[in-house]
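# Structural features, examined
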Amino acid sequence: MNFSELYTCSSSLCSYSPNGYYLGRCSGNRLFVQGSDALQLLHVFSNEQVVTEVEWSPDSMLIVCAQKKAGIVQIWSLNDPGSWKCKIDTGCVGLEKTLWAPDSRSVLLISKFYLRLDIWCLWNKSVVHIDHPKKPRSSDDDWSKHNVVGVSTISFTADGKYLAIARREKCKDIVSIYQCQSWEYVKSFQADTINLAGLNWAPDASTLCVWDCNLAYKCLLYSPSGALLRSFSPEDPSVQCHLGIRCVQWSPDSKLLAIGGYDQKVRLLNHLTWQEIVGWTHSKTMAEKTRTCAVYQERPLNLESIVHDDFRDTATDTAYAVVSSFEIQNTKPDPSKPNPKIGVVMMAFGSQHLATLNENMPHAIWVWNLATLSLKAVLLQLEPVRCCTWDPHPSETRLALCTGTDKIYFWTPQGCISVRVPNQASSSLSIGQVSWHPAGGTLLFSSRDTVLISGVSMAGVSLGGFTFSEFFKKGKTFRPKKKFVPGTLKYSLHKQAQASLNAGKNLRYAVRLPPGEDLNDWIAVHVVDFFNRINLIYGTVCDYCLVESCPIMSGGQKFEYLWCDGVKFKKPVRLPAPKYISFLMDWIEDQINNEELFPVRVDVPFPKSFGSLSRKILTRLFRVFVHVYIHHFDRIISIGAEPHVNTCYKHFYYFITEFDLVSAKELEPLKDMTARICNDPVPPPDEMISYEEINLALGLPHDFGLNHQKLQATASAAARSRSPHMAAASTRSPQHVSSR
Ligand SMILES: [Zn+2]
């Protein structure tokens, strides 16, 4: 994930233009317009006062900057930035809110206290007044400020032809329809409501939905001509139902209407009969047996200190774990307050899912599958969710959210991820708003006070959803793992090596040749072990190491590796990283499965070339480390695997330096990082971890394997078998590969 630098911005006033070409942000009284791709500054407009609201015209050509305190708006043109100017002074009526009309040539100004609505036509300077517009009930709500919550009393049809506006006249709720071309009044009808709370056109303009205040759970559906199609109230009014509807949202195809209530339920109505097709509850707990969803819980991570400079800024300190038992924190609303923080406050339709938030469970996001009408996932955050939004790109199913921390979170059907935003600012980041580029793929996120960050590109972002231990459990590797057969000599050596690792000792001890052991055996065991582990590490990034993303096998700018096997590739060739690594792993697999090179039986001696061959294998394995560390470490961090990879690297590094198996020149690309992490003290020459310690760590008798002869005896008892490396035999035909 790439991040832009930080930009200043007041009160989160920043947004993409509807066509996606521009980014507008306000800082104090200035409006900055940048190109959305390269973020180059295009225009700076100076307003008279501090800007309190900024809105792009639908055609992306004009920007209105409201300055509430002074009661003025200034409008700027991108077509004619030098000379075209517009300023409207609302005078004594004041200014509450501004809105663009769909034609981009009229601007709607709502006066203070919603006394009246003025529609200013910029092209002929005429004004149309509409008296007594209704104030949407939750206009002061934190949630409705930054989220599409479906609460409004002014609604345009998606084709831009009609405006529906809720008004209050003589203690009655009136819905008035205007034609947007000439602002001609079309008609009005009285809504069958006690105190209308909101209205909303279906995206296809076929239906207008109107709902009542919290004294009644009532949702009314009208045709554009004002005929009542259906009045919906739940059939099972619960105790809390009389608190009514909190928000209403149409699905993008107009086929579903979602109603979120104070009763903490989401009800979906179908567009044919307007019957309730499903009612979803947000329950605190769910029995594991009946649960159909995955529950992801954000948890703090104890990372080793971050070692790689490039990733220090983005290493996240939390990760998601899939949990089986959980209880969602439920806050008790204060009944004495006028707007109780209870019930469904946010509903967001994605292409196949609906995301919801129940305000008295502010840490949980619920994702419902619209095809199966069942709960798909629950995300349990450490902090209350502040904003949550779907990637608009039609082929992406991706939900982004933030919780007022320095992290942003993503849910996809494959899983969840937490990403920390690099912070070059002196103050800490508190991201309270996220919005997608209109075409998707790029995110804009802003912290409440002064900074704005733009995630320039999401390309290559890894969305895992597994913590590394779960990844490990799944055993996903790039190549099948080699196994050691229990009871063989290699198995016990392998176990010893593992135990000294697990014992949390100085790894420099762990790599030393145990007394009486054969050096070639010790090296052979480690080669196979390192192959398996590096295989596993590469397996976690291989989905992201593609021909497009890694067209050459490189380790940063300075190092590039060319492949040459002397058979198929007689001369060194430039290969994309995934191809190179694939050849490399195939080649190593062939070597370690060749019983002449890696003898399985104790009576078969190691070949003379064993030393140079194991050097070559380890040198090539090191190159995989180089590529992963330099090009894919964001992925490693995102699944919380950094400590594991670092430990594995340290072990590898100590091993190859202990026996001088890889040349210093090869180690160059990771030299700085190595100096930082491989700094365990060098032990005195004759000290090692004792076998007793290793056995203890393994839970074996303390004298197990103490005597090499005994081991040999065990080994010969097991048909004098060293270790069949072929345990997980490859079905691939052997390649005869030599290397430069
Ligand atoms: Zn790569």
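Rules behind the numbers
- Counting restarts for each chain, with residues numbered from 1 along the sequence as it is written.
- A pLDDT threshold of at least 70 governs which residues receive local features in this predicted model, and a stricter bar of 80 or more applies before side-chain atom pairs are shown or counted, although totals over entire chains, interfaces and linings include all residues.
- The side-chain values count all of the structure's non-hydrogen atoms but skip hydrogen atoms and water molecules.
- Counting from the N terminus, the helices are DSSP H or I runs at least four residues long and the strands are E runs at least two residues long.
- Under the scheme applied here, a residue whose accessible area is under 20% of the maximum for its type counts as buried, over 50% as exposed, and between as partly exposed, the area being computed with a 1.4 Å probe on protein chains only.
- The contact criterion used is simple: two residues touch if any of their non-hydrogen atoms lie within 4.5 Å.
- For the area figures, the Shrake-Rupley method with a 1.4 Å probe applies, and any residue is considered shielded solely by the protein chains shown.
- Expected span of a helix: the number of residues minus one, times 1.5 Å.
- A donor here means an N, O or S atom no more than 2.8 Å from the metal, or no more than 3.2 Å when the metal is Na, K or Ca. Since water is not included, a site may seem to lack partners.
- Donor angles set the geometry label: tetrahedral for four donors if every angle is between 85 and 135 degrees, square planar for four and octahedral for six if opposite donors exceed 155 degrees and the others are between 65 and 115, irregular for anything else.
- UniProt positions are given in the numbering used here, feature names are shortened, and annotations may be inferred rather than shown by experiment.
- Residues adjacent in sequence count toward polar contacts only when both atoms are side-chain atoms; beyond that, a polar contact is any pair of N or O atoms within 3.5 Å, and within protein one must be able to donate a hydrogen and the other to accept it.
- Two aromatic rings, drawn from Phe, Tyr or Trp (for Trp, its six-membered ring), form a pair once their centres lie within 6.5 Å of each other, and the interplanar angle then sorts them: stacked below 30 degrees, edge-to-face above 60, tilted otherwise.
- The rule for a charge over a ring is simple: NZ of Lys or CZ of Arg within 6 Å of the ring centre, and within 35 degrees of the ring normal.
- The term nonpolar core refers to a set of buried residues drawn from Ala, Val, Leu, Ile, Met, Phe, Trp, Tyr and Cys, joined through side-chain atoms within 4.5 Å.
- Pairs of strands are assigned from DSSP output, requiring at least two bridges between the strands.
- Fitted lines through C-alpha atoms serve as axes, helices being fitted only where they are in contact, and the angles separating the N-to-C directions of these axes extend from 0 to 180 degrees.
- When a carboxyl oxygen of Asp or Glu is within 4 Å of a side-chain nitrogen of Lys or Arg, the pair counts as a salt bridge.
- Orientation is classified from the angle alone, with under 35 degrees giving roughly parallel, over 145 giving roughly antiparallel, 65 to 115 giving roughly perpendicular, and any other angle giving oblique.
- Left-handed describes a crossing in which the near helix is turned anticlockwise from the far one by less than a right angle; the clockwise case is right-handed.
- Classification used: nonpolar for Ala, Val, Leu, Ile, Met, Phe, Trp, Tyr, Cys and Pro, charged for Asp, Glu, Lys and Arg, polar for all others including Gly.

## What about the overall build of the protein?
Scanning the protein from N- to C-terminus turns up 14 helices and 40 strands. Counting all 740 residues of the protein, 56% fall into the buried class. Put simply, 57% of the contacts in the protein that link residues at least 6 apart link residues at least 24 apart. Put simply, the protein shows about 31700 Å² of open surface, and 52% of that area lies on carbon and sulfur atoms.

## A closer look at helix α7 (residues 577–592)
When the terminal C-alpha atoms of α7 are compared, their 22 Å separation across 16 residues agrees well with the 22 Å that a helix rising 1.5 Å per residue should span. Summarising burial for α7: 14 of the 16 residues are buried, a large majority.

## What to know about the coordination of the zinc ion
The protein atoms that coordinate the zinc ion are Cys-545 (SG), Cys-550 (SG), His-627 (NE2) and His-632 (NE2), at distances spanning 2.0 to 2.3 Å. One can describe the site at the zinc ion as tetrahedral: its 4 donor atoms subtend angles covering 102 to 117° at the metal. Donor residues for the zinc ion, ordered by position in the chain, follow C-x4-C-x76-H-x4-H. Taken together, the residues Cys-545 in the loop between α6 (519–541) and β39 (554–555) and His-627 in helix α8 (residues 610–631) connect sequence positions 82 residues apart. Residue classification places Cys-545 among the buried residues on the basis of a relative accessible area of 2%. Overall, His-627 belongs to the buried group, its relative accessible area being 0%.

## Regarding the UniProt feature "binding site: Zn(2+)" (unreviewed entry) in the protein
What UniProt calls "binding site: Zn(2+)" (unreviewed entry) maps, in this numbering, to Cys-545, Cys-550, His-627 and His-632. These residues run over 88 residues, yet every pair of their C-alpha atoms falls within 9.9 Å of each other. Leaving out residues up to four positions away in the same chain, His-627 has contacts with Cys-545, Cys-550, Ile-552, Met-553, Ser-554, Ala-577, Ile-581 and His-632. The residue His-632 is located in the loop between α8 and α9 (633–638) in this model. In this view, His-632 contacts Val-541, Tyr-544, Cys-545, Cys-550 and His-627; residues no more than four positions away in its chain are not counted. Among the polar contacts made by the side chain of His-632, one reaches the side chain of His-627 at a distance of 3.2 Å.

## What to know about the packing of aromatic side chains
Here the structure, examined in full by the defined rule, presents 28 aromatic pairs. On the numbers, 5.0 Å between centres and 20° between planes, the contact of Phe-45 with Trp-76 is stacked. Of the two residues, Phe-45 sits in strand β5 (residues 41–46) while Trp-76 sits in strand β8 (residues 72–77), which places them 31 residues apart along the sequence. As far as the burial class goes, Phe-45 and Trp-76 line up, both buried. Ring pairs connect the aromatic residues Phe-530, Phe-622, Phe-625, Tyr-629, Phe-633, Tyr-649, Phe-652, Tyr-653, Tyr-654, Phe-655 and Phe-659, which therefore count as one cluster. In this structure, Arg-25 packs its charged tip against the face of Phe-32, placed 4.5 Å from the ring centre. Note that Arg-620 overlies the ring of Trp-587, its terminal NZ or CZ placed 4.5 Å from the centroid.

## Overview of unusual backbone geometry
Glycine aside, residues mostly have negative phi, and peptide bonds are mostly found in the trans state. Even without being a glycine, Ser-11 presents a positive backbone phi close to 45°. Relative to the helices and strands, Ser-11 is located in the loop between β1 (6–8) and β2 (14–16). At Phe-113, a position not held by glycine, the phi torsion is positive, near 60°. The residue Phe-113 is located in the loop between β11 (106–110) and β12 (116–121) in this model.

## A closer look at the nonpolar core
The biggest cluster of nonpolar side chains holds 66 residues, and the ones touching the most others in it are Leu-621, Phe-625 and Tyr-649. Looking at this core, the elements that each hand over two or more residues are α5 (507–510), α6, α7, α8, α9, α10 (642–658) and α12 (671–677). Leave out the neighbours within four places in its chain, and Leu-621 touches Val-527, Phe-530, Phe-531, Ile-534, Met-585, Ile-588 and Phe-652. Leu-256, Met-347, Trp-366 and Leu-375 belong to the second-largest nonpolar core, a separate cluster that totals 24 residues.

## Observations concerning the sheet that holds strand β19 (residues 208–211)
Spatially, 4 strands are ordered β18-β19-β20-β21 in an open sheet, and the strand pairing comes out antiparallel. With one partner strand each, in any of the chains shown, β18 (198–201) and β21 (228–232) form the two edges of the open sheet. The mean angle between the axes of side-by-side strands here comes to 15°, regardless of whether they run parallel or antiparallel. Where β18 meets β19, 4 bridges bridge the pair, whose relative direction is antiparallel. Note on β19: the bridge partner recorded for Leu-199 is Val-210.

## Looking at the pairing of strand β13 (residues 127–131)
Successive residues of a regular strand alternate their side chains across the two faces of the sheet. The alternating pattern of β13 places Val-128 and Ile-130 on a buried face and Val-127, His-129 and Asp-131 on a face that is not buried. Looking at chain direction, β12 and β13 are connected through 5 bridges and run antiparallel. Bridging from a neighbouring strand, Asp-118 pairs with His-129 of β13. Connecting the antiparallel pair β12 and β13 is a turn made up of 5 residues, with Lys-125 showing a positive phi of about 60°.

## Some remarks on the pattern of salt bridges
Under the defined criterion, the tally for this structure stands at 19 salt bridges. Here Arg-398 and Asp-391 are joined by a salt bridge, their closest N and O atoms 2.8 Å apart. Like Arg-398, the residue Asp-391 is buried in the burial classification. Note that Arg-533 and Asp-529 form a salt bridge whose closest N and O atoms lie 3.5 Å from each other. Of this pair, Arg-533 and Asp-529 both sit in helix α6, 4 residues apart, which is roughly one turn of the helix. Each of Lys-134, Arg-168 and Asp-173 takes part in a single network of salt bridges with overlapping partners.

## Some words on the packing of α6 against α8
Remark: α6 packs on α8, axes separated minimally by 10 Å, with the N-to-C direction vectors making an angle of 20°. Taken together, the axis directions place α6 and α8 in an arrangement best described as roughly parallel. Relative to α8, the crossing made by α6 is left-handed. In this structure, α6 contributes Asn-520, Ile-523, Ala-524, Val-527, Phe-530, Phe-531, Ile-534, Ile-537, Tyr-538 and Val-541 to the contact, and α8 contributes Phe-610, Ser-614, Ile-617, Leu-618, Leu-621, Val-624, Phe-625 and Val-628. Broken down by class, the residue content of the contact of α6 with α8 amounts to 16 nonpolar, 2 polar and no charged.

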